[in-house]
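# Fold and contact review
Single-letter residue listing:
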Amino acid sequence: MLISSGYPTLARLVAEQVRLAPDHEKFFIKRFEAETPESLVRHEELAGHIAKLIAHDEMAFLGDYGWLCAEQLEEELYFRRHKKYRLSTFDEAYRLVYSNREYMTRYMNGLLMTQLWWKNHFDVIDYYRRVFLATNKPGYSHLEIGPGHGLFIYFAAADRKAGGVTGWDISESSINSTRDALKTLGLAEMPALELQDLFKGPKGVFDSVVFSEVLEHMEDPRAALDVLRTVLAPGGRLFLNMPINSPAPDHLFNLDSPEDLVRFVEDAGFIIENQGLFPATNQTLDMARRKKMTISCAFVARRQ
Ligand SMILES: C[S@@+](CC[C@H](N)C(=O)[O-])C[C@H]1O[C@@H](n2cnc3c(N)ncnc32)[C@H](O)[C@@H]1O
């Protein structure tokens, strides 16, 4: 058994995933052997939420995780060979990914599993809950742009301290995935989920804005940060999460190092109050920097 029976949901999901994709076994052994009992308790809690979300079709979600890994591997090979991401324009990404309902659904399903399977994704969501959401002021109004699989917006909507919660996404199937996820997790009050392109007349201001794994999808990331500034209420805070050196089918924008991203965000008029840097699974931060491998950069920022 890869995971102790003290963490039953995590242990069962890992066993099922490895049964479906035996070539991932070594990855999973290494992934979990370094986790402390305290961290495994938090993994077990997240596994409980994810198990509920995938219960209606567990094999499809675990299969879509394997499919996503294969898609990412193609992109990784391209990135290593050409030192850049394959796509560079939003139109290409829209045509090939966002408007393709079947592709997008598999993508969001696979991405949901990565929140547990990829250490950097787990660490970001853990950081978001403990460092960002936990320090939001009572009654905060909350917006997430690009909620996708729905886990981040769920934790805001389930937060008793939160006032209204809103989600915007450009993709209809993504919005549907978010809505289904929130229904399954049994929220007392559903957030307002709107089909809304960030660049097309965003309305309202919010105390708490989440932009997680979206900046790297932007053809004009500076323009996106400019919009984020306008939807933040005075004194409001942004949770920004962008992986660098992280090729994926719809990633357009990359930077070389976390420090480059810090500069980019500061130049756009933000003050970064806190940051967490989380290297790809089974890598140290130092190795990830040297080998130009994925580092998830999570920032808590305010408007200057
Ligand atoms: C990779 S998912 C991020 C899911 C989740 N936030 C996370 O951190 O795992 C990116 C999401 O951003 C959405 N998106 C991309 N461009 C957008 C835009 N211009 N306006 C609103 N949403 C957008 C996509 O449809 C997709 O649902």
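Notes on the structure in this doc start here.

What counts and how
- Residues numbered from 1 in each chain as written.
- Predicted model: local features only at pLDDT ≥ 70, side-chain atom pairs only at ≥ 80, totals over all residues.
- Heavy atoms only, no water.
- Near = heavy atom within 4 Å.
- Polar contact = N/O pair within 3.5 Å; in protein donor to acceptor, adjacent residues only side chain to side chain.
- Areas by Shrake-Rupley, 256 points an atom, 1.4 Å probe, with all protein chains shown as cover.
- Helix = DSSP H or I, 4+ residues; strand = E, 2+ residues; numbered from the N terminus.
- Nonpolar A, V, L, I, M, F, W, Y, C, P; charged D, E, K, R; others polar.
- Domains from an automatic or database assignment.
- Core = buried A, V, L, I, M, F, W, Y, C linked by side-chain atoms within 4.5 Å.
- Buried < 20%, exposed > 50% of the residue type's maximum accessible area, 1.4 Å probe, protein only.
- Contact = heavy atoms within 4.5 Å.
- Pairing = 2+ DSSP bridges.
- Axes fitted to C-alpha atoms, helices over the stretch in contact; angles between N-to-C directions.

## Description of the site of the ligand
Around the ligand lies a shell of 24 residues, among which G146, H149, D169, S174 and S212 are the nearest. At 3.2 Å from a nitrogen atom of the ligand is found a side-chain nitrogen or oxygen belonging to E144. I170 has a polar backbone atom sitting 3.2 Å from a nitrogen atom of the ligand. Starting from 610 Å² of accessible surface for the ligand in isolation, the protein chains cover 99%. Looking at the shell around the ligand, the elements with two or more residues in it are helix 6 (101–117) and strand 1 (140–145). The dominant element in the shell around the ligand, judged by the number of residues it contributes, is helix 6, at four residues. The residue inventory of the shell around the ligand, partitioned by class, reads 11 nonpolar, nine polar and four charged. Two domains each put at least three residues into the shell around the ligand: domain 1 (8–117) and domain 2 (119–303).

## Observations concerning the nonpolar core
Grouped together as the largest cluster of nonpolar side chains are 52 residues, with contacts concentrated most on L10, W117, Y128 and F239. Looking at this core, the element that brings in the most residues is helix 3 (residues 37–54), giving seven residues. Split by domain, the residues of this core number at least three in each of domain 1 (8–117) and domain 2 (119–303). Ignoring sequence-local partners within four residues, the contact set of F239 consists of V124, Y127, Y128, F132, F152, V209, V210, F211, S212, A298, F299 and V300.

## Observations regarding the sheet that holds strand 4 (residues 206–212)
Within a sheet, each strand pairs with its neighbour through backbone hydrogen bonds, oriented either parallel or antiparallel. On the basis of which strands lie adjacent, the open sheet formed by seven strands has the order 3-2-1-4-5-7-6 and mixed pairing. On the outer flanks of this sheet lie strand 3 (192–195) and strand 6 (270–279), each paired with one strand and no other. Within the sheet, the average angular offset between the axes of one strand and its neighbour, ignoring direction, is 15°. Alignment of strand 1 against strand 4, held across three bridges, turns out to be parallel. Note that in strand 4 the partner of E144 across the bridge is V210. Contacts from helix 9 (residues 172–184) reach strand 2 (162–169) and strand 3, with the element oriented near 170° to strand 3. Helix-sheet contacts for helix 10 (residues 221–231) involve strand 1, strand 2, strand 4, strand 5 (232–244), strand 6 and strand 7 (295–303), and the interaxial angle to strand 5 is about 150°.

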